[in-house]
Every structure is written in C-alpha cells, then in structure tokens.
Amino acid sequence: MKVDVLLGLQWGDEGKGKIVDVLTPRYDIVARFQGGPNAGHTIEFEGKKFVLHTIPSGIFIKKSINVIGNGVIIDPFILRSEINKLTDGGVEVGKNLLVSRKAHLIMPTHRLLDAVYEQAKGKDKIGSTLKGIGPTYTDKVSRSGLRVGDAESGEFEKRYQKARKRYLGIIRQFDTDINEFVFEGYKFEEYEQQWMNALGTLKSLEKINSEYFLNNALAEGKKILAEGAQGTMLDIDFGSYPFVTSSNTTSAGVCNGLGIPPSKIGKVFGIFKAYCTRVGSGPFPTELFDAEGAELRKTGNEFGATTGRPRRCGWLDLPALKYAIMLNGVTDLIMMKADVLNAFDKINVGVNYNVNGDTSTEVPFEFSMEGTDFKPVYKSFNGWKQELSEIKEYSQFPKALAEYIKFIENETNVPLKIISIGPDRSETIEAPLK
Ligand code: GDP
Ligand code: IMO
Ligand code: MG
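Quick notes on the rules
Residues numbered from 1 in each chain as written. Chains lettered and ligands numbered in written order. Predicted model: local features only at pLDDT ≥ 70, side-chain atom pairs only at ≥ 80, totals over all residues. Heavy atoms only, no water. Near = heavy atom within 4 Å. Polar contact = N/O pair within 3.5 Å; in protein donor to acceptor, adjacent residues only side chain to side chain. Areas by Shrake-Rupley, 256 points an atom, 1.4 Å probe, with all protein chains shown as cover. Nonpolar A, V, L, I, M, F, W, Y, C, P; charged D, E, K, R; others polar. Helix = DSSP H or I, 4+ residues; strand = E, 2+ residues; numbered from the N terminus. Donors = N, O, S within 2.8 Å, 3.2 Å for Na, K, Ca; no water. Core = buried A, V, L, I, M, F, W, Y, C linked by side-chain atoms within 4.5 Å. Buried < 20%, exposed > 50% of the residue type's maximum accessible area, 1.4 Å probe, protein only. Contact = heavy atoms within 4.5 Å.

A.B. asks: Describe the site of ligand 2, listing the residues and the values that go with them.
C.D. replies: In the neighbourhood of ligand 2, 21 residues make up the surrounding shell, with Asp13, Lys16, His41, Thr129 and Thr245 lying closest. Within the side chain of Ser128, a nitrogen or oxygen atom sits 3.3 Å from an oxygen atom of ligand 2. Thr129 places a side-chain nitrogen or oxygen 2.5 Å from an oxygen atom of ligand 2. If ligand 2 stood free it would expose 550 Å²; the protein chains cover 98% of that surface. Across the shell around ligand 2, the residue classes break down as eight nonpolar, ten polar and three charged.

A.B. asks: Kindly report on the site of ligand 1, identifying the contributing residues and their values.
C.D. replies: Around ligand 1 sit 20 residues, and of these Gly15, Lys16, Thr42, Asp339 and Ser420 come closest. Interatomic distance of 2.9 Å between a backbone N/O atom of Gly17 and an oxygen atom of ligand 1. Gly40 has a polar backbone atom sitting 2.8 Å from an oxygen atom of ligand 1. Computed on the free molecule, ligand 1 has an accessible area of 580 Å², of which 94% lies beneath the protein chains in the complex. Of all the secondary-structure elements, those providing two or more residues to the shell around ligand 1 are helix 1 (16–23) and strand 3 (41–45). Partitioning the shell around ligand 1 into residue classes produces five nonpolar, seven polar and eight charged.

A.B. asks: I'd like a description of the coordination of the magnesium ion (ligand 3), backed by residues and values.
C.D. replies: Around the magnesium ion (ligand 3), the protein supplies Asp13 (OD) and Gly40 (O) as donor atoms, at distances of 2.1 to 2.2 Å. Taken as a pair, Asp13 in the loop between strand 1 (3–8) and helix 1 and Gly40 in the loop between strand 2 (29–32) and strand 3 lie far apart in primary sequence, 27 residues in all.

A.B. asks: Break down the nonpolar core for me, with residues and values.
C.D. replies: Met335, Leu341, Tyr404 and Ile408 are the most contacted members of the largest nonpolar core, which totals 59 residues. Ranked by residues supplied to this core, first place goes to helix 11 (residues 399–412) with six residues. In this structure Met335 touches Phe272, Lys273, Ala274, Leu401, Tyr404, Ile405, Ile408, Leu416, Ile418, Ile419 and Ser420, once residues within four positions along its chain are discounted. Among the nonpolar cores identified, the runner-up in size contains 44 residues, and Phe45, Leu86, Val99 and Tyr167 belong to it.

Right, dumping it as structure tokens:
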C-alpha cells in the first residue's frame, strides 16, 4: 500500500478540510504532516460546521484513525479547545486520535515571540496568524525545541523554564510591553497558566511513534491519506519567500513529516479554487482591487477560518498552478468553489506573466522582489451564469463550465477528478471513472 496525499496548490484555504472529509471513507488513516494551528480547515455536513486547526479532517468519519504526525507543531491550548468543540458538537474524540511523540510543542513564549517579531517588522510584516509557527519551527531546526514526548519526562519543567527564560531574554531586547499582547483572550501569564492546564489534555491522548505506526499500517495493507495544511505558494522553500509559512507544504513534506519513504507515495491530489485567494502580506499577481474582487470575497465568504481576516481575492493564476503541480507531482486535480463564479459574465485566467517587459510562463525569482514590473496576461472565458446547486453529475455542467474545466486539464495535463459546488459535504461532483 501507498500513502495518498491531499494538499493545497495556492496560498491555502483551497478547501482541503472539506475534501479530506469527503475522501476519508475510502481510507483507514488520515494523517496531518506539517503546519500547526495556523491552519483552519472547514467541514460542513448535516447543517453543522466545524473548523479544525490541528486535528486531521478525517475525525468525523467513524472508524477512521487520525494521526497528528511528527512534522506538525502543537499548541496544547488550541488542541484542547478543538477537542472540546468537537465533543460539544457530538463528535467522538478518543482512541481515534493519535499523536506523534516527535511533534514539537508551541510554547506561549513562541506565540509571544511571533507577535513581537511581527510588530517589529512594521510595514514589512508577513501577516502571520500569530500562532507561534515561525519561532517554534526555528527552535526545532536550531535543536532547542520541546516535543510532545518530552512532556512526560521528569526533566520537562526544568527544560520548559530554561527555554522560557531564553525567549523572555530575546523579547527584552525589543521595546515592548508583553502585557499588550492577548492570546485567545488571555494576557501572557494567564495564557501560560491555561497552556499548562491544557498540557494535561494532550498528555491524556494516546501518543505513538508515528513513523513506525504508519509504516506498519502500510505493511498490513491499510490505506492512508496525508492531509496538507497551507498551500504550495506558502512553502518555506518554493513559496513567495519571505511571505510564506515555516514548513514544507509540498508533497516532499509528507516524507519528513510522517516518516514515509518517497517510494511509498501514491496519488497526489492537488486542490485549488476556481479563482485565487491569499490572506496576509506578499505577492499576488492576479489580485483584484475592484468590484469583481469584492464580489469574489462576498460570494465566496472569503474571510479567514483561523483569524477572520478578509482574504485578498483574484483570478486563477495558471503559471503558479502549473508550478505547484510540478513541485508536488500532482496526479489528480480538485477544483473548489466553482459556484462562486456563477454570476460572473466573464471569467479571467492569468495565463502567463509579463516581467519587466518579458513574457514568462514560469514563476520567476523576481516574484517576491520589490520594484519588479510584474503583470499577469489574461485569457477571458464566458461565465456560465447559472446556479449549480441542482447538478448531480459531471455531464450536467453548463457548457461554459465544461470548457473552463477542459482548458485547465489541457493546460496542466492533469485530470480534474472532483469539482466542488458548495461548502457542504454533499455538494461534490466526481468525474466518471474512466
Ligand atoms: P482549507 O484551509 O483548505 O481547509 O479551507 P478553509 O476551510 O480555510 O476555506 C475554505 C472555505 O470555503 C470554507 O469556508 C469552506 O466551507 C468553503 N468551501 C469549500 N468548498 C466550497 C465550495 O465548493 N463552494 C463554496 N461556496 N464554499 C466552499
Ligand atoms: P490552511 O491550512 C491561508 C499564511 C498567513 C501568513 C503566512 C505566514 O487553512 O490553508 P504563519 O502563521 O504560518 O506564520 O503565517 O501564511 N497562512 C495561511 N493562509 N491558509 C492557511 O492555512 C495559512 N497558514 C498560514 O496568513 O500570510
Ligand atoms: Mg484554511
């Protein structure tokens, strides 16, 4: 057996949570491999809506096992509130949630550092979700982080206090009052207290050596789906650096985030919106600043699932999509939110870029450089101008939508296997099997 992967091809929020939930009945195990509570994955069914930050989106399907892999970073406070919300909503969380001992912990001081660094960056700020992502991954790489497994050692308190002292020392170099910052409604020291209490919940969950667990499961013929967070254009190596997150969001991240060898990667589902969004700072070539952008935001309800911030909206960016498909080795495409374009007369797609007067079909290095004259060149399509809510199968798509799909398949050379026409689990149209 191999591990199939589902990941975002744009700047995050493509609809990964919804599709992982749709695909979960076909798998035994769903595993998150990177990122942390900067993610906000929305799942809607039977009139209920849940937003997950750390827990894999397979949790709603009974019998599925959900693994938080070693590549994920965990804030016990946020994890506890996720578990509480699920339990309140009638979703069972117990033996169906397993946590890697090697996953790193986001400490309150990491969140504090994130906030202080962002404030110090002023107008150059990344637009971070302020969940402590950058500082926690920095500590992992600099070999000074604390891991889930460490919480059980007798040395934990000593190591925690040592790390805390070091971070507070760094923060003192900034001209800032730490009581200015509020975390989940608490000032720093109150939040720290809450965090310590929540560590008890994390300790009560079943902890595993996830690399062994997952490889043994494969050997036993179990089917695994790896769930990505963020999107390819936010990847630490290949995204619009420095306006990125701090992990590898691409399929390579599955290998080191779960301990899966490259030869064991199967299908790669690449998911994208029929248009584009981005939340936070950084380049976005096809961004719309006009009424059409506002219309996409309103119809698509484009407000962050984690921070509530309005998302920047624009047309589909084909060079960026092809770049993401190349980097991830995408085998199956999934297009989300087709319904958001229902009312548009014309739909544009950025087909290449004009960079300082030259045409480029690639995402150039200059992508993130200030002062580059960088413009997308558009191809225009007729809108379908009709509701899609009654559609039950591929053959019923309006002609203009079918043409839009064909164009993307021809350009990318990858089949579009699923089209999503609404936020609910049921509003999902699969291509007929060939
Ligand atoms: P994720 O981070 O990739 O899981 O995506 P988010 O949950 O952050 O954002 C996707 C948003 O779009 C959520 O509010 C979903 O409920 C919603 N959504 C997903 N698919 C569709 C769709 O096909 N149509 C519409 N209108 N909304 C969708
Ligand atoms: P999901 O999994 C959209 C963005 C932030 C910011 C940058 C760095 O829901 O798709 P960080 O908190 O990681 O330091 O922020 O990355 N970002 C996301 N944007 N969806 C996400 O996750 C994101 N996670 C981080 O807005 O621009
Ligand atoms: Mg999201």
